[in-house]
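Architecture at a glance
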Amino acid sequence: MSFKVPALPYAFDALAPHISARTVELHYEKHHQGYAKKLNTALEGKPEAEKSLEELILTTEGDVFNNAAQIWNHTFYWRSLGPKGGGEPTAGLRAAIVDAFGTVDTMKHELAAAAKGEFGSGWAWLVLDKDGRLRVAQSSDAHNPLRKGHTPLLTIDVWEHAYYLDYQNRRADYVESLIDHLIDWGFVASNLDAIGGGEGSRKADRHYREAASEFAERA
Ligand code: FE
């Protein structure tokens, strides 16, 4: 059994003009699918090959961890965005954001600062932390907040391959454009709802275990 990346949830040109069809196509077909190929190669003949994607993320290091986490992170990234994204969070999510950050704009500002400020390749996240509080987080390279017991609610890819064709070195423009036009707040709200809005990481673990097939299919 090998890992296979789920279908992109929209057409290559669905995020244009904010992210071009060419960027989405290369990012999905060469990078996201590339991580699955590398993971399958890295797992050949190893006992870890029987583990789920989440177990690999939580228990391995090196090549296996990097490629497993990058599969998960990219699946989550595509779902964090959408052609009808942008605008404002819906009522329940909005209340949780206001509770944690004071205002929605403060949260967006912190999220943008985390995405712009991550040194090198990495990710910016909105998470529910172990204490059930919303916060912004950064991770470098392939790292994923699940390793720290946090529940990811949305992510922004800030590896150069996510924006360089469209924005060259202007990462800040990519981040602003993505936050203003592409974040699917309905997806973010559904992640929060699925774990009971703040009852801690045990529910979150179950949520992502149950959702495992959504993050990588076995073929
Ligand atoms: Fe990427």
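Description of the structure in this document.

1. Here's the deal with the sheet that holds strand β4 (residues 151-157)
The strand order across the open sheet built from 3 strands is β3-β2-β4, with neighbouring strands paired in antiparallel fashion. The sheet is open, and its two edges are formed by β3 (134-140) and β4, each paired on a single side. Taking each pair of neighbouring strands and ignoring which way they run, the sheet shows an average axis angle of 25 degrees. Where strand β2 (residues 122-128) lies against β3, 7 bridges are found, and the strand directions are antiparallel. Bridge pairing in β3 links A124 to Q138. Packed onto the sheet, helix α8 (residues 185-194) meets β2, β3 and β4 and runs at close to 155 degrees relative to β4.

2. So, the coordination of the iron ion
The textbook angles at a metal center are 109.5 degrees for a tetrahedron of four donors and 90 or 180 degrees for an octahedron of six. Surrounding the iron ion are the protein donor atoms H27 (NE2), H74 (NE2), D157 (OD) and H161 (NE2), at 1.9 to 2.2 Å. For the iron ion, the 4 donor atoms in the first shell make angles of 90 to 128 degrees at the metal, so the coordination geometry reads as tetrahedral. Positions of the donor residues of the iron ion, expressed as sequence spacing, correspond to H-x46-H-x82-D-x3-H. Separated by 83 residues along the polypeptide, H74 in helix α3 (residues 62-80) and D157 in strand β4 bring together distant segments of the chain.

3. Observations concerning the pairing of β4
It is a general feature of regular strands that their side chains alternate between the two faces of the sheet. Counting buried residues along β4, 7 of its 7 residues qualify, which places the element largely inside the surrounding structure. Pairing of β2 with β4 involves 6 bridges; the strand directions are antiparallel. Note on β4: the bridge partner recorded for L126 is L154.

Cut-offs used in this document
Per chain, the residues get numbers from 1 upward, laid out in the order the sequence is written. Residue-level local features of this predicted model are given only where pLDDT is at least 70; pairs of side-chain atoms are given and counted only at 80 or more, and the full residue set underlies all totals for whole chains, interfaces and linings. Water and hydrogen atoms play no part in the side-chain values, which are based on all heavy atoms of the structure. We treat two strands as partners when DSSP finds at least two bridges between them. Starting at the N terminus, helices and strands are each numbered in turn, a helix being any DSSP run of H or I of at least four residues and a strand any DSSP run of E of at least two. Simply put, an axis is a line fit to the C-alpha atoms, just over the touching stretch for a helix, and the angle between two N-to-C directions goes from 0 to 180 degrees. Contacts are residue-level and defined by heavy atoms, with any inter-residue pair within 4.5 Å sufficient. With water excluded from the atoms, a metal site may look incomplete; its donors are any N, O or S atoms within 2.8 Å, or within 3.2 Å for Na, K and Ca. Only four donors with every angle between 85 and 135 degrees are called tetrahedral; only four or six donors with opposite donors over 155 degrees apart and all others between 65 and 115 are called square planar or octahedral, in that order; all others are irregular. The buried label applies to any residue whose accessible area, calculated with a 1.4 Å probe on protein chains only, is under 20% of its type's maximum; exposed applies above 50%, and partly exposed to all values in between.

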